[in-house]
Amino acid sequence: MDAFSELMNGFATAAHPTNLLYAFIGVLLGTAIGVLPGIGPAMTIALLLPLTYSLEPTQAFIMFAGIYYGGMYGGSTTSILLNTPGESASVVTAIEGNKMARRGRAAAALATAAIGSFVAGTIGTLGLALLAPVVVNLAIKMGAPDYFAVMVLAFVAVTTVLGSSKVRGMASLAIGLLIGLIGIDPTSGQQRLTLGLPELADGIDVVVVAVGLFAVGEALWIAAHLRRTPAEIIPVGAARMSRDDWRRSWKPWLRGTAIGFPFGAIPAGGAEIPTFLSYVTEKKLSKHPEEFGKGAIEGVAGPEATNNASAAGGLVPLLTLGIPTTATAAVMLGAFQGYGIQPGPRLLDTQPELVWGLVASLFIGNAILLALNLPLAPMWAKLLRIPRPYLYAGILFFASIGAYAANLSTFDLWLLLVLGALGFLMRRYGLPVVPAIIGIILGPTAEEQMRRALQISDGAISGLYNTWFSKAVYFVILLVLVVPPMVGRIRKRRTSQQDAVPQHSDRTGD
C-alpha cells in the first residue's frame, strides 16, 4: 500500500497544470522530432538538456518522460512509413511495418503501434511502480554468464530468422561485430581497428551507425534505382484497425509487454534483444506465418509493445540502482547529475516527489500520446505521397544533422558517408542490415560479459555456462538451431508422401 499511496501523491504532482503542460510539450516534441530519420529520444533529450536547467527538476523530468515515450512512437512511425528507424529499438518494427505501408495499410500499422504502445506503456509503468523492488532483486542475481548467454541467443536468433540465407545473416552479423570492436580494448587499453585515427579511439557512435546503414543506405539504394523504376504512389488505408486487426493484435500486445518489461529491467539490457525475441515469438505463434516478410500486423504489434514495455522497465535500474540500460537512460542519468541528484537506492527516500511524479507522468504522457497520435495517423501516412527525390533528399539532410549533433564532429559526417555506402553494398548483395546493427550494439557488451565470466572462472570455459540460467538459455539456443531444420524436413517428407498418395490411388483405380 505504500507504493500505491506514493503513486497517488505522484499523480497529485503530475496533475498540476504546469506539469501537465510540460508533459504535453514533451510528448509533442518527442513524437515530432522522433519522426525525423536519425533523431531518436536520446538525441532529442540531449539537444534539449541545456534548455531545461532553468526549470525545476520535477518539471524537467516530466517533460523528458514525455519525450522518451513520444520519441519511441516517432521512431516507429519513421520505421513504418520510410523504412528508416529513428533508433535501434525500432529496427524490428521496420521489417513488417514498412511492408504493411507498401501494401496500403500504413494507417493500420500506425494504429496498432500507437495502441500497443499505450497498452504496454501503461502495464509497464504499473510494473515500474509496484514491482520494481522484486524485479531489481532478480536482475541483481544474474551474473556475467547469464548476460552473455542471452546475447548469444540474440546473435543466433537474428541470423537464423532474418533474411533468406543463414550464411548472409552470419556475414552481416560478423560485419556488425567487427565495427562494434573498433576503439580501445577495455582490458589492455590498446587501440584496435582504429587505423591510426584518434577519432575512432572511443568507437563509433551507435546513432551514426544506425543512421548510416539504414537512412543513408536506403536513400542511396533508392537513388540508384530511381531512374529504372517510376515513382509509385503507395495507397494508404483507413486510419482505423479492423475487427480482424484487433483480433490479431491484442495477444501480441500482451506477449510483447511480458517480454519487454523484464528485459528492460535487467541492468545490461535495452530494447534491442526483447523486440527481436518478440518478433521471433509472433512468427512462431502466428496463424498466418506466410504473411511474415510481407506485412504481418503481429510483427508490428508485438515488437512495438515490447519496445515501450522495455522503456518502462529500463527506468527500474536507472532510478533504483543508477544504472542506465539504454542511450536515452544514459542521457537522463546525465540530466540527474546535472541537477546534483544521484539515482540509486536512496533516491526514493531523498526525492520522493520527483520519482513518483515522474512515474505518474508516464501514465499521463502515455494517454496523451494515444489521444494525440491516433487522429494524426493519416497525416503521418501522407508522408508516403511525397515524391521520392524530395523525400530521400530530406532524409539525407536530417540524417546528416542527426549524425553531426550526436558529437558535434565533422568526422562523424565522413563516417556517415562510409557507413551509408556499406549499407548500399549490403542491400546490393542481399545482406540483411538488422544483424549488423544487433552486432554493433551488443558486440562490445557481449565481449565485456564474456571476459568478466572468464576472469571469474580463472580462464575456464565452463565459466560461460556454470549457472542454471545460462544452461537454460543455451538449451534454447540449441532448440533454435535444431528444431526449425527438423520441422522443415518433416514437412517436406509429409508433402512428398501426400503427393505420392493420389498417384498410387489413381493407378489402383485404373
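In this report, we go over the structure that sits alongside the text. (Residues numbered from 1 in each chain as written. Predicted model: local features only at pLDDT ≥ 70, side-chain atom pairs only at ≥ 80, totals over all residues. Heavy atoms only, no water.)

Applying the stated criterion across every chain, the model contains ten salt bridges. Measuring nitrogen to oxygen at the nearest pair gives 2.6 Å for the salt bridge that ties aspartate 245 to arginine 105. Within this pair, whereas aspartate 245 is found in helix 10 (residues 243–265), its partner arginine 105 is found in the loop between helix 5 (91–102) and helix 6 (106–140), the two being separated by 140 residues in sequence. Exposure remark for aspartate 245: the relative accessible area of 3% places this residue in the buried category. A salt bridge links arginine 451 to glutamate 447; its shortest N-O distance comes to 3.3 Å. With arginine 451 and glutamate 447 both in helix 18 (residues 433–456) and four residues apart, this pair spans about one turn of that helix. The structure contains a network of salt bridges with shared partners spanning Asp185, Arg192, Glu447 and Arg451. (Salt bridge = Lys/Arg side-chain N within 4 Å of Asp/Glu carboxyl O. Helix = DSSP H or I, 4+ residues; strand = E, 2+ residues; numbered from the N terminus. Buried < 20%, exposed > 50% of the residue type's maximum accessible area, 1.4 Å probe, protein only.)

Within the largest apolar cluster, 124 residues are counted, with the highest numbers of intra-cluster contacts made by Phe61 and Ile437. Of all the elements, helix 4 (residues 57–82) adds the most residues to this core, at 14 residues. Ranked by size, the runner-up nonpolar core spans eight residues in total, among them Val92, Ile95, Ala157 and Ala296. (Core = buried A, V, L, I, M, F, W, Y, C linked by side-chain atoms within 4.5 Å.)

Right, let's get into the side chain of threonine 58. Relative to the helices and strands, threonine 58 resides in helix 4. Setting aside residues no more than four positions away along its own chain, threonine 58 makes contact with Thr13 and Leu354. (Contact = heavy atoms within 4.5 Å.)

Without other data, these values stay purely geometric and don't point to any function.
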